[in-house]
Amino acid sequence: MQLVNHIKEQINKGIYKPGDLLPSEHDLASEYDASRTTVRKGLSVLFSEGYINPVPGKGYFVKEPEIDSYTLYFSEKGCIKNYSGETKLLEVRLVPPAKLSKQLGDIKKSFVMIRWLIYVDKKPAAYDIKFLPYERGKPID
C-alpha cells in the first residue's frame, strides 16, 4: 500500500501526468524494496481505482482522469420555509490540503469545495459551503 499511496500522491501532485509511463515493475520493486508480485498487486490496485492503464509489452501509463460528476442534494430544505428547490451554483473547485490544515489538523487529502445559494420566493435565502473529500476519478454523490 505504500507503493500505491506514493504513486497516487505523485499523480495527484502532477509529478506523473496523464500519458506518462511509470517506472518498470523491476525498477519499482528495487525502489520500494518489494517483490515484483507485490508491485504487480499495487499496480493492479492503481488500475482498479482508475489511476493507470496497463499496455502489454510497454508498461503502465498514467490515465487521463475521468470527468467527475456531482449530484447535490440539499437535505436541509425542510428547515427553509417556502423552499422551491431553486439554487445557484457559485463555485466548485479543488482545495489542496494545506489550505484546510488550520481548520482540520494534519490532513493529507484534497477536498472539493462547493459554494451555492438557495432561493426562497426568487430571493437568496441561504448560502451554503460544503467541503467533500476528493478522490481522483471517483464521483461525489
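Residues numbered from 1 in each chain as written. Predicted model: local features only at pLDDT ≥ 70, side-chain atom pairs only at ≥ 80, totals over all residues. Heavy atoms only, no water.

Some remarks on the confidence of the model for the protein
When the pLDDT values of the protein are averaged, the result is 81; 77% of them are 70 or greater. Of all helices and strands in the protein, the one with the weakest mean pLDDT is helix H4 (residues 97–104) (70), whereas strand S2 (residues 59–62) scores best (95). (pLDDT = per-residue confidence, 0-100. Helix = DSSP H or I, 4+ residues; strand = E, 2+ residues; numbered from the N terminus.)

Focus on the nonpolar core
Nonpolar side chains tend to gather and get buried jointly when the protein is soluble and globular. Ile7, Ile11, Leu22, Leu28, Leu43, Leu46 and Ile52 are the most contacted members of the largest nonpolar core, which has 15 residues in total. A per-element tally of this core places helix H1 (residues 2–12) first, with four residues. Here Ile11 is in contact with Tyr16, Tyr51, Ile52, Val62 and Arg136, once residues within four sequence places are set aside. (Core = buried A, V, L, I, M, F, W, Y, C linked by side-chain atoms within 4.5 Å. Buried < 20%, exposed > 50% of the residue type's maximum accessible area, 1.4 Å probe, protein only. Contact = heavy atoms within 4.5 Å.)

Overview of H1
Of the positions making up H1, those classed as buried are Leu3, Val4, Ile7, Lys8, Gln10 and Ile11. Across the axial projection of H1, the buried residues extend over an arc of 165°, all falling on one side. Looking at the buried positions of H1, the neighbouring elements they touch are helix H2 (25–31), helix H3 (36–48), strand S1 (52–55) and S2. Immediately beyond the C-terminal end of H1, within one or two residues, lies Gly14, with a positive phi of roughly 85°. (Arc of directions from axis to C-beta.)

Describing the pairing of S2
Relative to S2, S1 runs antiparallel, the two being bridged by four bridges. Residue Val55 lies in a different strand from S2, and its bridge partner there is Gly59. (Pairing = 2+ DSSP bridges.)

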